[in-house]
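# Descriptive structure summary
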Amino acid sequence: MKKKLVIANWKMNLNVAQSLSLLARIDKNLDRTDDVEVVLAPPAIALQPLSQEIKQNKFLLAAQNAYFKDEGAYTGEISFTQLRGLVDYVIVGHSERRIYFGEDDKMVRDKVQSALRNGISPIICVGENTDQRNTGQTQRVLHDQLTGALGNVTSQEIEHIVIAYEPVWAISTFEGQVAKPEDVKKAFNYILEQIFELFGNQAAKTVRLIYGGSVDDSTVSGYLNAGGCNGVLVGGASLNPEKFSNIVKTAEQQGQQ
Ligand code: PGA
């Protein structure tokens, strides 16, 4: 059985002291568990300080973004090479990066390649916006984003990849609607079909699919029960230590079933 993943995306919130304080409060609420991978994606400035505080095997770290070139004159960027050894995961192609920073499928693909080259697992975010959903384009968008991101990936590399279905219309900070578990299941089925077509049966069995978009402690169970869901990517609710800890505990209980 695939291990459940619960990822906290703190986005552009919290300074270093606040990040350390949130870690301490989550840490206090949770016991170490073998059933769930708990991944924290703090702002980049807090990665190093958090890495010195987190308990081995209790939390893993993710960067919220990285640049695909290894080094050079790219003012303001942090490369996957620089993150090597510091993080286990990097979020790639989040809709906020696609919308506000113009990231396209080609750049997402380059980032996926750079992540894999540096031994970091990419969490690839895909999902349609409201217009696309209302005009029946969900599958086309998922198809284009998946084939774009996975263009140069081999079937062996798929086991290191996490795909997050994050419908833009359901991300709380954006359009604020809530996805139903049936919506998530439908999207997962389509994503799995695509993985099967691109990489075959074994890849479809090993890839991990997670859901993100307004997940909180009252809705997480429905999503985790949507067929094929291996975890959740949590934004807003991950800033609340009680809510986030409850989400992890729910995933843990379901992981043991
Ligand atoms: P949200 O964010 O939980 O605040 O909707 C999820 C995400 O953007 O990853």
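Residues numbered from 1 in each chain as written. Predicted model: local features only at pLDDT ≥ 70, side-chain atom pairs only at ≥ 80, totals over all residues. Heavy atoms only, no water.

## As for the side chain of K58
In this fold, K58 is placed in the loop between α2 (47–53) and β3 (60–63). The exposure class assigned to K58 is buried, which follows from its relative accessible area of 13%. A polar contact is formed between the side chain of K58 and the side chain of D27, at a distance of 2.6 Å. When near neighbours in sequence (up to four residues on either side) are disregarded, K58 contacts D27, L30, D31, R32 and V38. (Helix = DSSP H or I, 4+ residues; strand = E, 2+ residues; numbered from the N terminus. Buried < 20%, exposed > 50% of the residue type's maximum accessible area, 1.4 Å probe, protein only. Polar contact = N/O pair within 3.5 Å; in protein donor to acceptor, adjacent residues only side chain to side chain. Contact = heavy atoms within 4.5 Å.)

## With respect to the site of the ligand
Taken together, N9, K11, H94, E166, I171, S172, G213, S214, L233, V234, G235 and G236 make up all the residues around the ligand. Backbone polar atom of S214 to an oxygen atom of the ligand: 2.7 Å apart, as the coordinates give it. One of the backbone N or O atoms of G236 is found 2.8 Å from an oxygen atom in the ligand. Considered on its own, the ligand offers 280 Å² of accessible surface; in the complex 99% of this is hidden by protein. (Near = heavy atom within 4 Å. Areas by Shrake-Rupley, 256 points an atom, 1.4 Å probe, with all protein chains shown as cover.)

## Details of the packing of aromatic side chains
Think of a pair of aromatic rings as described by two things: how far the centres are apart, and how the planes are tilted against each other in angle. Applying the stated criterion to the full structure yields four aromatic pairs. Between Y211 and Y223 the ring centres are 4.3 Å apart and the planes differ by 35°, which places this aromatic pair in the tilted class. Taken together, the positions of Y211 in strand β7 (residues 208–212) and Y223 in helix α10 (residues 220–225) put the pair 12 residues apart, joining distant regions of the chain. The residues Y211 and Y223 share a single accessibility class, namely buried. Put simply, the rings of Y67, F68 and Y74 touch in pairs and so form one group of aromatic residues. Sitting over the face of the ring of F101, R97 holds its NZ or CZ atom 4.3 Å from the ring centroid. Lying across the ring of W169, R133 places its NZ or CZ 4.0 Å from the centre. (Phe/Tyr/Trp six-rings, centres within 6.5 Å; stacked < 30°, edge-to-face > 60°. Lys NZ or Arg CZ within 6 Å of the ring centre and 35° of its normal.)

## Structural notes on the nonpolar core
What tends to happen in soluble globular proteins is that the nonpolar side chains get buried as a cluster. Ranked by internal contacts, the top residues of the largest apolar core, which has 66 residues, are L150, I163, I191 and Y211. Once you skip the residues sitting within four places of it in the chain, Y211 turns out to touch Y165, P167, A170, A179, V184, F188, Y223, C229, G231, V232 and L233. By size, the runner-up hydrophobic cluster in this structure holds 13 residues, among which are I7, C125, A164 and L233. (Core = buried A, V, L, I, M, F, W, Y, C linked by side-chain atoms within 4.5 Å.)

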